[in-house]
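Examining the three-dimensional arrangement
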Amino acid sequence: MLSAFRRVVWLRFPLILLPGLLAAQQPVEVETFLTRYCYDCHGEKKSKGDLTLHDLGRELASGDETAIWRLVEEQLEFGDMPPEEAKQPDLGEKEAFLRWLRAGLQEATRQGKGRALLPEFGNEVDHDLLFGPGPGPVLPGPPRLWRLRQDFYHDLMNRAGDGVKGLSAPMAGRGKPGIRDYAALFTIDEATIDMLYRNAETVVEKQLSQNGSRFKHLARLLEPVPSAEQVGAAIQQQFELVLQRPATDEELNRFREFWKKIAAKGNPGVAARALLVAILMQPEVYYREETGDGPVDHLGRRRLSPEEIARSLSYALGNHYDSGLFRAAAEGRLDGAAGVAEAVRAVLASPKYEPRRTMDFFREYFGYEAALEVFKDEPANGNYRPRLMVSDLEALIAWILEKDGEVFRELLTTNRIFVNWSYHEKERKGMKREKAGTLYDYGQVYGFPPDWEWTDQQPLVSPGPRRGVLMHPAWLAAFSGNFDTDPVKRGKWIRFQLLGGTVPDVPIGVDARIPEHPDLTLRDRLASATSAPECWRCHRKMDPLGLPFEQFDHYSVMRRFEKGRKVDTSGAITRTGVVGLDGPVSDPFVMIDRLARSEHVEQVFVRHVFRFFLGRNETTGDAATLQQAHRAYRESGGSFRELVVALLSSDSFLYRQVTPPPKQ
């Protein structure tokens, strides 16, 4: 809900006018405000907390120092600064300063510079500006080249090379948690080009070694004197195999001339290989192009061509080019948003559709696959099975997606579970009770008794008080350490992924380890390590959100006691400014229930879905798209499928901003 102050800002400064607002001179009140209330502690003579403000640039849209200015905004908004004992600004002064500050930060975000392009900084866009009234027209991202992700590139080469083996992986993604495939993250460097070239050579060798009819036009290049028609047919076949389109006349002539120059030296085999490799090395093979086609509209936007839309939809929904989408493009069925929406629905409803991309989103969003990388000693009385936990959670997510109703709420609150679902029956029964009666038999991680018999009638109702993804053993293990739980990681995830907040990285040189003590609970040890003001400034955003999950030990088993004391599961949701969301919680169940019922949290989820499928952070120019997508989700009864349809048929997906929008 917008605060009264922010409503005034929206009424006085509509979204389309904010860029012009920044062109005006900095108000005199800004420097007066900083001098009067900030410089005594953060000025030229004193830099409390190693923070100075007097030397910061006032051009916030430059993006160079936005992180510090965002910290200033947060400290002022929640009344942390100036400190209680210092002189306080009156309401008018504070609102005038924040108005200037937020307008500048918004422009920095709109321009998409520097860190604003990276996934971990997506939440720096003010949520109220995205979901507030009067969003204005969609002002999408600029034209771009988006490097193919590895899965898509591998499938492309596999199809061209008829299941070729031994290819390297030149398109590896980033190792950081969260969304891994952003258009702004990757470029093609010299080392990558070398791997692409070697892969192209391997594919061509496989193509030319086949005797079947699939590559018959390519094989004819090996004849002593191929005709011009045979060379042209080979070029067309390679284009169709790799790019799902015929070569243009210009491309056909260019590659035919290229072949002639090499063939003139008398070796048809060398000429054939050079020609086919050259086609595989076109930028279109390893870059997704989104530049648009046709006239620029009155907002400075250009629509993607139907073929670009078919490629982009294929990329968004799967790991290969979808021939049905290309047919739709050729038949004019992608010329309007309604046609695009119907095409997306057709893909998602097809019995041939494999929802790998949808599962990729949930893997990256929830981060539960990290459980596979958290190594733990085997428990004294049983076993620890992270791979089974992850497989069980994915079965649960797939089941919820198949029902496709109130998906997000179900993911957070369901009391259903799958147990040992990935193994065939013999292996399932073999895993059922490795050590009868021990605490960590696999079924017991969910709360089943030692004599529980495995059944294929799943999902099951959880036997213990366990709800949704955040209380699933896989997620709990992913956000734990080798020997302890990790409430800091868990709280940071909730702050970023559910509340739409930000938490800075640990400063360089800070020892973030929690001290060991044989008699203290982890809660007590964490409190002793983070009580200093410079630590608590960030930990207050995370620890109260993560500590309720101390209900479970670091093997993800529910517990009542730690170090001989009853486990304290209290915590709090704080610093969101959302009515009905902030407040203390007694345990993880209360917290999850409140989060799941929050419209704000649901909107933050929509923002993350936007980032995954559009490959970039949202800006204030995408406000109308986000609101429409959330509306489609709600009106469809919480259908994830309809949420994806709304995003992929939106102006944010279909258009690119080629010139600045007109000032009004």
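As shown above, the structure is provided for reference.
Note that the structure is a prediction, hence the values are computed from the model and not measured. (Residues numbered from 1 in each chain as written. Predicted model: local features only at pLDDT ≥ 70, side-chain atom pairs only at ≥ 80, totals over all residues. Heavy atoms only, no water.)

1. Comments concerning the overall build of the protein chain
Secondary structure assignment for the protein chain yields 31 helices and 10 strands. Counting all 664 residues of the protein chain, 53% fall into the buried class. When the accessible surface of the protein chain is totalled, it reaches about 30,300 Å², and 53% of it is carbon and sulfur. (Helix = DSSP H or I, 4+ residues; strand = E, 2+ residues; numbered from the N terminus. Buried < 20%, exposed > 50% of the residue type's maximum accessible area, 1.4 Å probe, protein only. Areas by Shrake-Rupley, 256 points an atom, 1.4 Å probe, with all protein chains shown as cover.)

2. Concerning the pattern of salt bridges
When their charged atoms lie close together, side chains carrying opposite charge are able to pair. Under the criterion given, the structure shown has 38 salt bridges. Arg 356 is the salt-bridge partner of Asp 151, the closest N and O atoms lying 3.7 Å from each other. Linking Asp 151 in helix H8 (residues 150–160) with Arg 356 in helix H18 (residues 356–366), this pair joins segments that are 205 residues apart in sequence. Looking at Asp 151, the relative accessible area reads 37%, which means it is partly exposed. Arg 634 is the partner of Glu 602 in a salt bridge, and the nearest nitrogen-oxygen pair spans 2.8 Å. Of this pair, Glu 602 sits in helix H28 (residues 599–614) while Arg 634 sits in helix H29 (residues 623–635), and the two are 32 residues apart along the sequence. A single network of salt bridges, built from pairs that share partners, joins Arg 245, Glu 251, Glu 284, Glu 307 and Arg 311. (Salt bridge = Lys/Arg side-chain N within 4 Å of Asp/Glu carboxyl O.)

3. Notes on the packing of aromatic side chains
Taken as a whole and assessed by the stated rule, the structure comprises 31 aromatic pairs. Each ring, one from Phe 33 and one from Phe 97, has its centre 4.4 Å from the other, and the planes form 15°; the classification is stacked. Pair noted here: Phe 33 is in helix H3 (residues 28–37) and Phe 97 is in helix H6 (residues 91–111), with a separation of 64 residues, a long-range link. On the basis of relative accessible area, Phe 33 is assigned to the buried category, the value being 3%. Here the aromatic rings of Phe 362 and Phe 640 are separated by 5.0 Å at their centres, their planes lie at 45°, and the arrangement is tilted. With Phe 362 in helix H18 and Phe 640 in helix H30 (residues 640–648), the pair connects residues that are 278 residues apart, well separated along the chain. The class of Phe 362 is buried, set by a relative accessible area of 0%. (Phe/Tyr/Trp six-rings, centres within 6.5 Å; stacked < 30°, edge-to-face > 60°.)

4. Notes on the nonpolar core
With 147 residues, the main nonpolar core has Phe 366, Leu 470, Ile 494, Leu 595 and Phe 640 as its most contacted residues. Element by element, the count of residues in this core is highest for helix H19 (residues 386–403), at nine residues. Contact partners of Phe 640, with chain neighbours within four places excluded, come to Thr 358, Phe 361, Phe 362, Leu 401, Asp 404, Val 407, Phe 605, Val 609, Phe 613 and Tyr 633. In this structure, Tyr 39, Val 72, Leu 101 and Leu 105 belong to the second largest nonpolar core, which totals 17 residues. (Core = buried A, V, L, I, M, F, W, Y, C linked by side-chain atoms within 4.5 Å. Contact = heavy atoms within 4.5 Å.)

5. Some points on helix H11 (residues 228–243)
Given 3.6 residues to a turn, an α-helix orients residues that are three or four positions apart in the same direction. Here H11 is 16 residues long and its end C-alpha atoms lie 22 Å apart, about the 22 Å a rise of 1.5 Å per residue gives. Downstream of H11 by a residue or two, Gln 244 has a phi angle that is positive, lying close to 60°. (Expected span 1.5 Å × (residues − 1).)

6. Let's talk about the packing of H28 against H30
For the pair H28 and H30, interaxial distance at closest approach is 10 Å and the crossing angle is 55°. With respect to H30, the axis of H28 lies oblique. Classified by chirality, the crossing of H30 by H28 is right-handed. Across the interface between the two elements, Phe 605, Val 606, Val 609, Phe 610, Phe 613 and Leu 614 from H28 touch Phe 640, Leu 643, Val 644, Leu 647 and Leu 648 from H30. (Axes fitted to C-alpha atoms, helices over the stretch in contact; angles between N-to-C directions. Parallel < 35°, antiparallel > 145°, perpendicular 65-115°, else oblique. Left-handed = near helix turned anticlockwise from the far one by under 90°.)

7. Things to note about the environment of Asp 486
You can see Asp 486 is positioned in the loop between helix H22 (473–478) and helix H23 (487–498). Its relative accessible area of 19% is what places Asp 486 among the buried residues. For the pair Asp 486 and Leu 476, spaced 10 residues apart in the sequence, the C-alpha separation amounts to 8.8 Å. Those residues within four positions of Asp 486 in sequence are excluded, and the remaining contacts are Phe 479, Ser 480 and Gly 481. Only 3.1 Å separates the side chain of Asp 486 from the backbone nitrogen of Lys 489, close enough to count as a polar contact. (Polar contact = N/O pair within 3.5 Å; in protein donor to acceptor, adjacent residues only side chain to side chain.)

8. Topic: the packing of H11 against helix H13 (residues 268–280)
The N-to-C vectors of H11 and H13 enclose an angle of 35°; their axes lie 10 Å apart at closest approach. Classified by chirality, the crossing of H13 by H11 is right-handed. Residues Val 231, Ile 235, Gln 238, Phe 239 and Val 242 of H11 pack against Leu 275, Leu 276, Ile 279 and Leu 280 of H13. Within the contact of H11 with H13, the residues separate by chemical class into eight nonpolar, one polar and no charged. (Nonpolar A, V, L, I, M, F, W, Y, C, P; charged D, E, K, R; others polar.)

9. Description of helix H15 (residues 306–317)
Over its 12 residues, H15 extends 16 Å from the first C-alpha to the last, a length consistent with the 16 Å expected when each residue adds 1.5 Å. Across the 12 residues of H15, 10 count as buried, placing the element largely inside the fold.

10. Let's talk about unusual backbone geometry
With an omega of 15°, the peptide bond running from Gln 458 to Pro 459 counts as cis. Checked against the element boundaries, Pro 459 lands in the loop between helix H21 (425–431) and strand S5 (460–461). Although it is not a glycine, Asp 162 sits at a positive phi angle of roughly 55°. Here Asp 162 shows up in the loop between H8 and helix H9 (190–209).

11. Some points on the environment of Asp 404
Locating Asp 404 in the fold gives a position in the loop between H19 and helix H20 (407–413). For Asp 404, a relative accessible area of 16% translates into the label buried. Along the backbone, Asp 404 and Ser 639 are 235 residues apart, and their C-alpha atoms lie at a distance of 5.0 Å. With residues up to four places along the chain from it excluded, the contact list for Asp 404 reads Gly 638, Ser 639, Phe 640 and Arg 641. A polar contact is formed between the side chain of Asp 404 and the backbone nitrogen of Arg 641, at a distance of 3.4 Å.

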